Amino acid sequence: MLKSIVNWRACRLLLNGNAGIRTGASARGLANPFKTDINAGASTPMDEPEPASHSIGNPFAQATPTGLSDSAISETKEEREKRLKVLQLEADIAHQEGRRVPRLEFFQDEHWEHVLALPTKSARIKYYAYLWQIDMKKQSEKRKKALRTEDIERRVAETRKEREENTHIIYGLGHTSLLLRIYDSTINHWQNNRLTRAMQFAPKMVLDCSYDTHMNNREASYAAKQLMLCFAENRANDEPFDLHYCNVNMKGKCMQGLQRYIPTMLNPEFPMNVHSQCFTELFPKKQLVYLTPHCREELVNYNADDVYIVGAMVDTMNNEPLSLAKAKRLGLRMARLPLDRYLQWNSGSGKSLTLNQMINIMLDLKKTNDWETALQHVPRRKVVDLSGDEDYSRNAFNKRANKLNVRIDHLLKFEADRRQVKAFATPQKVREHKQGMDFKLDSWATGKKKTTQSN
């Protein structure tokens with residue numbers, strides 16, 4: 001505490017030497033360094049007492065910034081350096097007193113520039129507290145890193161000591177083993193090599209990235225994520241396409257988002273085809289087929305010689321036929337997936353598919369040439385599950401029968417096997433003629449008479 005008072009007195013002497021800085025003579029100002037009004041433009045005499053009506057308000061309250069005075073505007077470089085030294089001394093004393101102020105070593109030049117521009121002391125207190133939280137977080141991460149390093153060194157030392165003391169063979173991962181450990185980088189290089197082979201021999205497929213102007217920020221971020229998933233799922237397939245990203249504008253929102261997902265996409269050794277040209281300049285027009293949901297012609301069979309184009313657009317707000325208009329303007333062939341022929345869509349669900357779902361459908365179609373297998377990538381929530389409807393109707397019949405206390409097991413099993421149902425099964429015994437039940441015409445309709453069994 002004595003050291004703080006001495007430093008503060010030195011700060012007071014420095015303040016008295018500055019003509020444009022106001023100082024206070026109260027003992028309360030000596031104990032609290034935040035009481036000094038650093039940014040005040042007017043100076044008061046040393047022997048002038050403070051007004052009796054002076055009250056201490058909330059130091060963390062946001063004060064209304066006032067306009068800069070002429071003295072603040074005409075502040076020289078020497079005065080600015082003096083004020084910086086005062087602020088540094090203020091922050092050092094506050095840190096020594098245990099306040100929420102970071103160490104002087106933490107402050108950078110931009111921090112002091114911001115502190116000098118703050119108009120009030122409450123603003124400085126809040127900014128010091130903000131920097132203190134950042135400093136505490138960095139120190140905590142540094143301590144955790146040191147603990148992890150010590151733990152790793154301890155475990156390595158224990159492992160080496162155990163291996164030195166053990167004279168037998170140790171089997172397992174990291175020891176004597178028949179299998180080699182496959183790292184993630186090895187898998188990554190292998191998949192990239194498979195894409196390199198696909199560039200030479202596999203069929204081509206185009207993703208048209210020319211719809212940035214028709215998407216808002218959220219749709220562009222969704223499109224970037226789907227383009228990343230297209231690349232990942234195509235690379236993970238056994239027989240991938242040779243994907244080409246055409247009409248690319250690297251300054252657009254979609255491509256900037258994609259570059260955040262794949263930072264190495266523009267590297268020459270990375271197996272990703274990114275073109276700023278249109279696909280009509282890269283491939284013959286007679287091979288191009290634009291896949292758009294707005295045309296009438298359906299894609300029946302997959303042709304490996306054709307180059308299929310998918311528009312890289314997410315249209316959650318509007319569903320305008322932009323891809324249809326572009327294909328007609330370029331004079332290309334068009335086709336759509338036969339979704340209505342093979343799927344029964346659920347009520348209230350849209351028929352739109354994401355870009356990665358389109359890539360998966362085309363990959364399976366190329367491999368099997370079977371639409372029922374390829375369309376399994378359509379989300380189940382969008383289609384009607386017929387097997388589920390049968391179970392639902394059966395459960396509904398059972399629930400209703402339990403309420404009425406009626407057994408309808410034979411009706412429910414009727415579809416499975418008609419011959420095993422009791423209501424339609426063959427009778428076990430043939431009905432036999434009972435004795436004493438002979439029909440007598442003369443006594444018929446003459447009244448009820450007791451029949452006797454004939455011997």
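Now for a description of the structure that goes with this document. What you are looking at is a predicted structure, and each value in this text was computed from that prediction instead of being measured.

Concerning the packing of aromatic side chains
Part 1 of the reasoning: Tallied over the full model, the rule gives seven aromatic pairs.
Part 2 of the reasoning: Ring centres 4.3 Å apart and planes at 20 degrees place the aromatic pair Phe-107 and Trp-112 in the stacked group. Take Phe-107 and Trp-112: they sit in the same class, and that class is buried.
Part 3 of the reasoning: Linked through ring pairs, Phe-107, Trp-112 and Tyr-128 together constitute an aromatic cluster.
Part 4 of the reasoning: In this structure, Arg-194 is placed above the aromatic ring of Trp-190, and the distance from its NZ or CZ to the ring centre is 4.4 Å.
Part 5 of the reasoning: It is Lys-326 that lies over the ring of Tyr-211; its NZ or CZ is 5.6 Å from the centre.

Quick notes on a positive patch on the surface
Part 1 of the reasoning: On the surface, a cluster of positive charge is contributed by Arg-143, Lys-144, Lys-145 and Arg-148.
Part 2 of the reasoning: Take Arg-148: it is sitting in helix α6 (residues 121-165).

A look at the pattern of salt bridges
Part 1 of the reasoning: This structure, assessed with the given rule, holds 15 salt bridges.
Part 2 of the reasoning: By sharing partners, the salt bridges in this structure join Asp-151, Arg-154, Arg-155 and Glu-158 into a single network.

A short note on the nonpolar core
It is characteristic of soluble globular proteins that their nonpolar side chains tend to be buried jointly.
Part 1 of the reasoning: Within the largest apolar cluster, 65 residues are counted, with the highest numbers of intra-cluster contacts made by Leu-227, Tyr-245, Leu-258, Phe-279, Leu-299, Leu-337 and Met-362.
Part 2 of the reasoning: When residues of this core are assigned to their parent elements, the largest contribution, seven residues, is made by helix α12 (residues 355-368).
Part 3 of the reasoning: Apart from residues no more than four positions distant in its own chain, Leu-227 is found in contact with Leu-207, Cys-209, Tyr-245, Cys-254, Met-255, Leu-258, Ala-312 and Leu-355.

Side note on the side chain of Asn-234
Part 1 of the reasoning: With respect to the element layout, Asn-234 can be found in helix α8 (residues 217-236).
Part 2 of the reasoning: Of the polar contacts made by the side chain of Asn-234, one reaches the backbone nitrogen of Phe-241; its length is 2.7 Å.
Part 3 of the reasoning: Among all residues touching Asn-234, those that are not within four sequence positions of it are Leu-195, Pro-240, Phe-241, Leu-243, Ile-359 and Leu-363.

Points about the pairing of strand β5 (residues 307-311)
Part 1 of the reasoning: With five of five residues buried, β5 is to be regarded as a mostly interior element.
Part 2 of the reasoning: Residues of β5 alternate between two faces, with Val-307, Ile-309 and Gly-311 on one and Tyr-308 and Val-310 on the opposite face, all of them buried.
Part 3 of the reasoning: In terms of strand pairing, strand β1 (residues 204-208) meets β5 through four bridges, oriented parallel. Its bridge partner being in β5, Val-206 is matched across the sheet by Ile-309.

Quick notes on the pairing of β1
Part 1 of the reasoning: Among the five residues in β1, four count as buried, and that is most of the element.
Part 2 of the reasoning: At this point the chain moves from β1, through α8, to the parallel strand β2 (residues 242-246), and the crossover so formed is right-handed.

Conventions we followed
- Note that residues are indexed from 1 along each chain, following the sequence as it is written.
- Selection of residues for local features in this predicted model requires a pLDDT of at least 70, selection of side-chain atom pairs for listing and counting requires 80 or more, and totals for whole chains, interfaces and linings are taken over all residues.
- Hydrogens and water are ignored here; the side-chain numbers use all heavy atoms of the structure.
- Note on ring pairs: Phe, Tyr and Trp rings are taken, using the six-membered ring of Trp, and paired if centres are within 6.5 Å. Classes follow the plane angle, with under 30 degrees stacked, over 60 edge-to-face and the rest tilted.
- Burial status follows relative accessibility: with a 1.4 Å probe on protein chains alone, a residue under 20% of its type maximum counts as buried, one over 50% as exposed, and anything between as partly exposed.
- Placement of a charge over a ring requires the Lys NZ or Arg CZ to be within 6 Å of the ring centre, with the centre-to-atom vector within 35 degrees of the ring normal.
- Put simply, a patch holds well-exposed residues, over 30% relative accessible area, that have no salt bridge, with like charges counted together within 9 Å and Val, Leu, Ile, Met, Phe, Trp or Tyr side chains within 5 Å.
- Using a 1.4 Å probe, the Shrake-Rupley method yields the accessible areas, and only the shown protein chains count as cover for residues.
- Salt bridges are defined by distance alone: a side-chain nitrogen of Lys or Arg within 4 Å of a carboxyl oxygen of Asp or Glu.
- Under the convention used here, Asp and Glu are negative, Lys and Arg are positive, and both His and the chain ends fall outside the count.
- Note that the charge is assigned to NZ on lysines, CZ on arginines, CG on aspartates and CD on glutamates.
- Secondary structure elements are taken from DSSP: a helix is a run of H or I of four residues or more, a strand is a run of E of two residues or more, and numbering for both begins at the N terminus.
- Throughout, nonpolar core names a set of buried Ala, Val, Leu, Ile, Met, Phe, Trp, Tyr and Cys residues whose side chains join them through atoms within 4.5 Å.
- The contact criterion used is simple: two residues touch if any of their non-hydrogen atoms lie within 4.5 Å.
- What qualifies as a polar contact is a pair of N or O atoms within 3.5 Å, subject to a donor-acceptor requirement within protein and to the restriction that residues adjacent in sequence count only when both atoms come from side chains.
- Any two strands with at least two DSSP bridges between them are considered paired.
- Place the viewer so that the strands point away; then a crossover is right-handed whenever the path from the first strand over the helix to the second strand goes clockwise.

All we've got here are geometric facts, nothing functional implied.
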